[in-house]
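# Examination of the molecular architecture
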Amino acid sequence: MRRSMLILSAALALAACGQGRYVEESEYNDPRRGIEQGRLFGDRGLIIFGTDRSARDEGGGALGVNAYLWRGTLDTLSFMPLASADPFGGVIITDWYSPPETPAERFKVTAYILGRQLRADGVRISVFRQVNTRGQWVDVPVTPDTATALEDRVLARARELRAQSVQTAGR
C-alpha cells in the first residue's frame, strides 16, 4: 500500500511537470503590465495575483509608479541632495538641506508616488524641519502649507512633462 502511494505521488508529480510552458524573459519585463493592489475586478474581468493586464495607465513605463509624477518629483526636489530613490516602490527621500539664507535651519523631504495614474492625489509629501539651537539640531513643526505647496509644484511639473511628451509624440 505504501509503495503504491509513493508511485502514485511520483506519477502525479511528473505529470504536473509536463503541463507548463516556457515563459519568455520579455513577459516579465512587459511595461504594459500594470499592477493594481486592492482591486478584485479589472476592466476586463477578475484580477489574479494582483495583476491587471488591461491596465494601460499613462506614463507608467517600466516604473512601478507614474513616470510623469516620478520625474516631476525629482525635478521639483532637485535643489536638495538625494538620499534614496525607489522607482518601483515610489519613494524619494532627500538628505538634509540648509538654505543659504538660513544656515541654522535644515529641511528633509520624503515623497510618495501613490500609483500609476497622473492624478492630483497621486503624490504625498512629508517635510521635516530642524533648527540648530546651541549646537543641537532640534525638530520643529512645519506649516502644512509647505508640503501642499511642494505637492502642487510636483503636479504642475508632471502635467508639463506630460504635455511635452504628447507634443513630441504628435510630431
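This text gives an overview of the structure that appears in the document. (Residues numbered from 1 in each chain as written. Predicted model: local features only at pLDDT ≥ 70, side-chain atom pairs only at ≥ 80, totals over all residues. Heavy atoms only, no water.)

## Regarding the overall build of the chain
- Across its full length, the chain holds 4 helices and 9 strands.
- Put simply, the chain runs from its N terminus to its C terminus through helices and strands in the order α-α-β-β-β-β-α-β-β-β-β-β-α.
- Long-range contacts, defined here as pairs at least 24 residues apart, represent 39% of the contacts in the chain between residues at least 6 apart. (Helix = DSSP H or I, 4+ residues; strand = E, 2+ residues; numbered from the N terminus. Contact = heavy atoms within 4.5 Å.)

## Looking at the pairing of strand β8 (residues 123-133)
- Strand direction decides the pairing type here: strand β7 (residues 105-113) and β8, joined by 9 bridges, are antiparallel. In the strand pairing of β8, Lys108 is matched with Phe128.
- Sheet analysis places β8 next to strand β9 (residues 136-140), joined by 5 bridges and oriented antiparallel. What sits directly across from Arg129, in β9, is Val140.
- The turn linking β8 back onto β9 is made up of 2 residues, and Arg134 within it adopts a positive phi angle of 50°. (Pairing = 2+ DSSP bridges.)

## Thoughts on the sheet that holds β9
- Taken together, the 5 strands give an open sheet; going across it, the order is β5-β6-β7-β8-β9, and neighbouring strands pair in antiparallel fashion. Strand pairing shows two members of the sheet lacking a second neighbour, β5 (82-86) and β9, which therefore form its edges. Mean inter-strand twist for the sheet, computed between neighbouring axes without regard to direction, equals 15°.
- On the sheet, helix α4 (residues 144-169) packs against β7 and β8 and is oriented at approximately 135° with respect to β8. (Axes fitted to C-alpha atoms, helices over the stretch in contact; angles between N-to-C directions.)

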